[in-house]
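# Structure assessment
Read off the chains here:
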Amino acid sequence: MNIFYAGVRPNPASRMPGTWQSWLLRVATFVAITASMWQTVAELYDLMYFYEYGAILSALGNMKAMTAIVGLLLGGVVYMLYTAYVRFAYTGLARQLFFCDKTITMWQYRKVADTAMIALCTIKALLSVIWFYNPQYSTLLSSIIDPLVAVGVMLCAFAIFVKYAGKGNAAFVAAALAVWYCMPALFA
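Below is a summary of the structure that appears in this document.

Calculation criteria
- Residues numbered from 1 in each chain as written.
- Predicted model: local features only at pLDDT ≥ 70, side-chain atom pairs only at ≥ 80, totals over all residues.
- Heavy atoms only, no water.
- Patch = residues over 30% accessible without salt bridge, like charges linked within 9 Å, V, L, I, M, F, W, Y side chains within 5 Å.
- Areas by Shrake-Rupley, 256 points an atom, 1.4 Å probe, with all protein chains shown as cover.
- Salt bridge = Lys/Arg side-chain N within 4 Å of Asp/Glu carboxyl O.
- Helix = DSSP H or I, 4+ residues; strand = E, 2+ residues; numbered from the N terminus.
- Axes fitted to C-alpha atoms, helices over the stretch in contact; angles between N-to-C directions.
- Parallel < 35°, antiparallel > 145°, perpendicular 65-115°, else oblique.
- Left-handed = near helix turned anticlockwise from the far one by under 90°.
- Contact = heavy atoms within 4.5 Å.
- Nonpolar A, V, L, I, M, F, W, Y, C, P; charged D, E, K, R; others polar.
- Polar contact = N/O pair within 3.5 Å; in protein donor to acceptor, adjacent residues only side chain to side chain.
- Core = buried A, V, L, I, M, F, W, Y, C linked by side-chain atoms within 4.5 Å.
- Buried < 20%, exposed > 50% of the residue type's maximum accessible area, 1.4 Å probe, protein only.

Taken together, the side chains of Tyr137, Leu140, Leu141, Ile144 and Leu148 make up a nonpolar region of the molecular surface, amounting to roughly 490 Å² of accessible area. Structurally, Leu148 is set in helix H6 (residues 135–165).

Here it is as structure tokens:
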């Protein structure tokens, strides 16, 4: 038995509340992440014949069904990784702000982080529709517009985090969320 943790209850501010708003935010985040995966799945369709899993799914004979199934599976995996990633980033932010005598609850953090992820994935899904139907613009503009959108969304989220933590703690917020700023490259 570990005597250091006996009888210690978790901090309620470090957990997501079980309210309908939090569940709605979780579902919206999952839907946005899944919606942004369709172009990736459609582009990788030809590579799936090299795997047994792809051969089984292609036996369905319907590319749309295969794309939907794989898109949902990929969206679920990416959402699970995203929730773990957000939890680690929140822990780093809470540790940095502990020394500043500031606190941000998990609900405040997830509202900002999930809203940024929803915005980022929704914009990516809309842009991928544009790139899909206009491939000439895809090769010319996607490498410029996609990073600009990601930087804009992340700067807006950073400004909101600084507002919660206080302007004097902006350096602590930037240091704590340095890994979180890589979120667009990892998840969107």
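Running from N to C, helix H1 (residues 20–35) and helix H5 (residues 106–133) cross one another at 30°; their axes reach a closest spacing of 8 Å. Between H1 and H5, the crossing angle belongs to the class labelled roughly parallel. Both H1 and H5 take part in a crossing whose hand is left-handed. Where H1 approaches H5, its residues Gln21, Ser22, Leu25, Arg26, Ala28, Thr29, Ala32, Ile33 and Ala35 are matched on the opposing element by Trp107, Arg110, Lys111, Asp114, Thr115, Met117, Ile118, Cys121, Thr122 and Ala125. Of the residues that constitute the contact of H1 with H5, the class distribution is 10 nonpolar, five polar and four charged.

It is worth spelling out the environment of Ser128 at this point. Topologically, Ser128 is positioned in helix H5. Along the sequence, Ser128 and Ser36 sit 92 residues apart, while their C-alpha atoms lie 8.0 Å from each other. Those residues in contact with Ser128 that lie beyond four places of it in its chain are Trp38 and Gln39. In this structure the side chain of Ser128 is engaged in a polar contact, spanning 2.8 Å, whose partner is the backbone oxygen of Ala125.

So, about the nonpolar core. The biggest cluster of nonpolar side chains holds 35 residues, and the ones touching the most others in it are Leu93, Tyr109 and Trp180. Put simply, the parts of the chain that give this core at least two residues each are H1, helix H4 (63–98), H5, H6 and helix H7 (170–176). Per element, the largest residue contribution to this core is nine residues, and it comes from H4. In contact with Trp180, other than residues within four places in its own chain, are Tyr85, Ala89, Tyr109, Ala113, Met154, Ala157 and Phe161.

Here we take up the side chain of Asn169. Inspection of the secondary structure assignment puts Asn169 in the loop between H6 and H7. Judged by its relative accessible area of 12%, Asn169 is buried. In terms of polar contacts, Asn169 uses its side chain to reach the backbone carbonyl oxygen of Ala165, at 2.8 Å.

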